[in-house]
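# Fold and contact review
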There are 2 protein chains.
Amino acid sequence: MQYPEAISRLIESFTKLPGIGPKTAVRLAFHVLDMEEDDVLMFGKALVSAKRDISYCSICGNITDKDPCYVCSDKHRNRTIVCVVQDSRDVIAMEKMRDYQGLYHVLHGAISPMEGIGPEDINVSSLLTRLQADEEITEIILATNPNIEGEATAMYLSRLLKPTGIRVTRIAHGLPVGGDLEYADEVTLSRAMEGRREL
Amino acid sequence: MQYPEAISRLIESFTKLPGIGPKTAVRLAFHVLDMEEDDVLMFGKALVSAKRDISYCSICGNITDKDPCYVCSDKHRNRTIVCVVQDSRDVIAMEKMRDYQGLYHVLHGAISPMEGIGPEDINVSSLLTRLQADEEITEIILATNPNIEGEATAMYLSRLLKPTGIRVTRIAHGLPVGGDLEYADEVTLSRAMEGRREL
């Protein structure tokens, strides 16, 4: 015996999501049966509307429901600094900090020769176009992830942007606040020493 | 900054599912953005259709998309035995075994005084009505879960059904096949000894 058709289809859809195995998919599908019909309808609509209404900002590449996105169209932000990040989720992380008032540029990935992802596969060319068109920009902060791909991307971008004369900076590496010196890895510790500052 | 409205709503819907925390919900929502539009539409439809098209069989209480369900309406099944289970998923587990040819009755729960669930909250009265209406039935197999609630429910049902003269049996407790005697708990081991059979 199989599950009724309608349930099987739902289980199949859940299984396609990352990190959801067959058993979890069954549990989720049965949970949907027990949910209020209104909640299920809202869930279904949210799925379709997320896919249909969300697009990418034509300036910075961040996900948005209007173009340009609210950061790019916000007149109160500092339009001289652009922070380059790998992902839209990184923008949210930066915004949670509340310290940064500049603009963003979302690459949607990082250079990874291992996976065959080159500079042409990520949102780099639009960054160059943007820098050429917008003369206000004086600093580019490279906030790609502190791993191999992120470092390679930062290195690539810094070399690419040097000739433009714009100041290119990289966010600091060091010990995370609240961390423990004893458990820090050698590379992080070495970077923390390198980046030491006078008090 | 918050996520765009359409994404926030989807994240919220995902968070309502069991075992999905805020971080996983964000990951799933972003995965939906990267999915093919057709797959997302199918997912949305599957959600709504699972909720709308699935109902409970008026005879056995199992989930079904037609009434009576395919087990109750199958003429080739042994109509003298009814296996009582707690959940529709238990029916699937039994059917996977391929040994059992009788009918089912799904309780949709188990008696649990701790959670205030009494016999009137689960599908018991329809079992009695069914037994009174259907004189073919000669055996009831109690296949509720081997835990406190399941045992209490089996005990309750066996006392309730005794006066009807129908044979009431309980599935065996013992060591799971492929298990290890060393790691078996005392209660299971004691039940396995109790239930020993001649070879």
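Residues numbered from 1 in each chain as written. Chains lettered and ligands numbered in written order. Predicted model: local features only at pLDDT ≥ 70, side-chain atom pairs only at ≥ 80, totals over all residues. Heavy atoms only, no water.

### Here we look at the packing of helix H2 (residues 22-34) of chain A against helix H3 (residues 37-53) of chain B
In the contact formed by H2 of chain A and H3 of chain B, the axes pass within 8 Å of each other and the chain directions differ by 55 degrees. Compared by their axis directions, H2 of chain A and H3 of chain B come out oblique. The handedness of the crossing between H2 of chain A and H3 of chain B comes out as right-handed. From H2 of chain A, Val32, Leu33 and Asp34 of chain A reach across to H3 of chain B, where they touch Leu47, Ala50 and Lys51 of chain B. Residues that form the contact of H2 of chain A with H3 of chain B fall into these classes: 4 nonpolar, no polar and 2 charged. (Axes fitted to C-alpha atoms, helices over the stretch in contact; angles between N-to-C directions. Helix = DSSP H or I, 4+ residues; strand = E, 2+ residues; numbered from the N terminus. Parallel < 35°, antiparallel > 145°, perpendicular 65-115°, else oblique. Left-handed = near helix turned anticlockwise from the far one by under 90°. Contact = heavy atoms within 4.5 Å. Nonpolar A, V, L, I, M, F, W, Y, C, P; charged D, E, K, R; others polar.)

### Observations concerning the UniProt feature "domain: Toprim" (unreviewed entry) in chain A
Here the UniProt-annotated "domain: Toprim" (unreviewed entry) positions come out as residues 80-176 of chain A. Between the C-alpha atoms that bound residues 80-176 of chain A the distance is 28 Å, and the span itself is 34% helix and 18% strand. (UniProt positions renumbered as here; feature names shortened; annotations may be inferred.)

### A closer look at the relation of the copies chain B and chain A
When chain B is fitted to chain A, the best match, at an RMSD of 0.1 Å, comes from turning it 180 degrees and sliding it 0.0 Å along the axis. On this basis, the relationship between the two copies can be described by a two-fold rotation axis. Across chain B, the smallest distance between a C-alpha and the rotation axis is recorded for glycine 44 of chain B, namely 2.1 Å. (Least-squares fit on C-alpha atoms with pLDDT ≥ 70 in both.)

### Concerning the state of the cysteines
Covalent bonding between the sulfur atoms of two cysteines is what defines a disulfide. Scanning the model with the defined rule gives 0 disulfides over all chains in all. Counting only cysteine sulfurs, cysteine 60 of chain A is the nearest neighbor of cysteine 83 of chain A, a cysteine outside any disulfide, at a range of 11 Å. Overall, the relative accessible area of 0% leaves cysteine 83 of chain A in the buried class. Left without a disulfide partner, cysteine 69 of chain B is nearest to the cysteine sulfur of cysteine 60 of chain B, which lies 3.6 Å away. (Disulfide = S-S within 2.5 Å. Buried < 20%, exposed > 50% of the residue type's maximum accessible area, 1.4 Å probe, protein only.)

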